[in-house]
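Here are the chains, one letter per residue:
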Amino acid sequence: MTFGDLELTPLLDGYLRLDGGAMFGVVPKPLWEKRAPADERNRILLGMRPVLVRGERLLIIDAGAGDAMDAKNAAIYALDRTETLDVTLARAGVSADAIEIVLASHLHFDHAGGFTSRQADGMMRPRFVNARYRVNEGEWHDATHPHERNRASYMPHNFLPLHDAGVIDFTRGDETIMPGVRVRRTGGHTRFHQIVYLESGGHTAVFAADLMPTTAHIDEPWIMGYDLYPMETLAFKRHFVREAIEREYLIFFEHDPKIAAGYIRETNGKKHVEAVEEK
Ligand SMILES: [Zn+2]
């Protein structure tokens, strides 16, 4: 979709399944299962939807789970790679080699897995060979110093090879990455989790990452159990959702199983998403 001087293309790196209870935190199952049906292992279906931004440079936000997850985890998460980032990039007319900037919302495996790939010699190397990777320095620190509560979310082979290859440029706060593209820290999900504002021609789109992973998360208390600081998520969301409704932000939902992007609307105090791009 054209957005002023930016061309925005939602991509897909397949699907995975995560525990429905963990995806909705304190919300009881009788409520969440109406929005997201659970399978026999209580898991719900989630997409992995990086976004391609064509502006002054060629940029991609996040990159899905990638191709190097071990078989045990792939089974736990029901990783479905029938449609991958390579396929959807090719469909958009872009080769991975042409990507100039890779921007990370955070370094969890379902966002950063596609940052690297396994080479013929068995080594993990940067998957976008001509790109610089933009990673928040605090998130990098936390990812490389995991604790018992977040260790399963960080897979070092997703990001350590980037450091070894010298392709990371750290961001240190809310920064402009290129004209029309800036990051804003939300905290909440991880200490340094960030969302991406895409602004051009008087319009704003926002890549919401794990602040609102699916359209089922637009109500303020629908917050993931995975979030390390849920009260931070709540505080940020309260303001952000208001802002998104009033200023008509186009929201990219990174994990929605169907809706890649849409507008949050409110009628009689009830929120819903008007889908713009479904698949
Ligand atoms: Zn995450």
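Going by the structure above, here's the rest.
Basis of the calculations
Residues numbered from 1 in each chain as written. Predicted model: local features only at pLDDT ≥ 70, side-chain atom pairs only at ≥ 80, totals over all residues. Heavy atoms only, no water. Helix = DSSP H or I, 4+ residues; strand = E, 2+ residues; numbered from the N terminus. Rg over C-alpha atoms; globule rule 2.2 N^0.38 Å. Buried < 20%, exposed > 50% of the residue type's maximum accessible area, 1.4 Å probe, protein only. Contact = heavy atoms within 4.5 Å. Areas by Shrake-Rupley, 256 points an atom, 1.4 Å probe, with all protein chains shown as cover. Phe/Tyr/Trp six-rings, centres within 6.5 Å; stacked < 30°, edge-to-face > 60°. Expected span 1.5 Å × (residues − 1). Bend = angle between axes of the 7 residues up to and from the residue. Pairing = 2+ DSSP bridges. Donors = N, O, S within 2.8 Å, 3.2 Å for Na, K, Ca; no water. Axes fitted to C-alpha atoms, helices over the stretch in contact; angles between N-to-C directions.

Undergrad: Outline the overall build of the protein chain, supporting the account with residue identities and numerical values.
TA: A tally of helices and strands in the protein chain yields eight helices and 18 strands. The C-alpha radius of gyration computed for the protein chain amounts to 17 Å, which stays within 12% of the reference 19 Å derived for 279 residues, consistent with globular compactness. Each principal axis of the C-alpha distribution contributes one length, and for the protein chain these read about 55 × 45 × 35 Å. A burial count over the protein chain gives 56% of its 279 residues as buried. Sequence separation of 24 or more characterises 67% of the internal contacts of the protein chain that already satisfy a separation of 6 or more. Of the roughly 11900 Å² of accessible surface on the protein chain, 50% is carried by carbon and sulfur atoms.

Undergrad: Summarise the packing of aromatic side chains; cite the residues concerned and give the values.
TA: This structure, assessed with the given rule, holds eleven aromatic pairs. On the numbers, 5.7 Å between centres and 20° between planes, the contact of Phe24 with Trp32 is stacked. Taken as a pair, Phe24 and Trp32 share a single burial class, namely buried. Between Tyr197 and Tyr249, the ring centres sit 5.9 Å apart and the planes meet at 75°, which makes this aromatic pair edge-to-face. Residue Tyr197 is found in strand 14 (residues 194–200), and its partner Tyr249 is found in the loop between helix 8 (230–246) and strand 16 (250–252); the two are separated by 52 residues along the sequence. Here Tyr249 falls in the buried class, since its relative accessible area comes to 4%.

Undergrad: Lay out helix 6 (residues 137–144) with the relevant residues and their values.
TA: Along helix 6, the residues classified as buried are Gly138, Glu139, Trp140, Asp142 and Ala143. The inward-facing, buried residues of helix 6 abut strand 10 (132–136), helix 7 (160–165) and strand 11 (168–171).

Undergrad: Give a description of helix 8 that names residues and reports values.
TA: With 17 residues, helix 8 extends 24 Å between its outermost C-alpha atoms, agreeing within 8% with the 24 Å of an ideal straight helix rising 1.5 Å per residue. Roughly 25° is the biggest bend found in helix 8, and it falls at Lys237. Among the residues making up helix 8, those that are buried are Thr233, Leu234, Phe236, Lys237, Phe240, Val241, Glu243, Ala244 and Ile245. Once helix 8 ends, the next one or two residues include Glu248, with phi positive near 50°.

Undergrad: With reference to specific residues and values, describe the pairing of strand 2 (residues 6–10).
TA: For strand 2, a buried count of four out of five residues is recorded, marking the element as mostly surrounded by other parts of the structure. As paired strands, strand 1 (residues 2–3) and strand 2 are joined by two bridges and run antiparallel to one another. For Phe3, the partnering residue across the bridge sits in strand 2 and is Leu6. Note that strand 2 and strand 5 (residues 51–54) share four bridges and pair antiparallel. Bridging from a neighbouring strand, Pro10 pairs with Val51 of strand 5.

Undergrad: Break down the coordination of the zinc ion for me, citing the residues and quoting the values.
TA: Within the first shell, the zinc ion binds the protein through His106 (NE2), His108 (ND1), His189 (NE2) and Asp210 (OD), at distances of 2.1 to 2.3 Å. One chain supplies every donor to the zinc ion, and in sequence these donors are spaced H-x1-H-x80-H-x20-D. Highlighted residues: His106 in the loop between strand 7 (101–103) and helix 5 (109–112) and Asp210 in the loop between strand 15 (203–207) and helix 8, separated in sequence by 104 residues. For the pair shown, His106 and Asp210 are each scored as buried.

Undergrad: Provide a residue-level description of the sheet that holds strand 12 (residues 176–178), including the pertinent values.
TA: Sheet architecture is open: seven strands sit in the order 12-13-14-15-16-17-18, paired in mixed fashion. Each edge of the open sheet carries a strand with a single partner, namely strand 12 and strand 18 (270–278). Strand-to-strand twist in this sheet, taken as the mean axis angle between neighbours without regard to direction, amounts to 30°. Of the pairings in the sheet, the one linking strand 17 (residues 259–267) to strand 18 comprises eight bridges and is antiparallel in character. Each bridged residue has a counterpart across the sheet, and for Ala261 the counterpart in strand 18 is Glu277.

Undergrad: Provide a residue-level description of the environment of Val129, including the pertinent values.
TA: Considering the arrangement of structural elements, one finds Val129 in the loop between strand 9 (124–126) and strand 10. Assessed through its relative accessible area of 54%, Val129 is described here as exposed.

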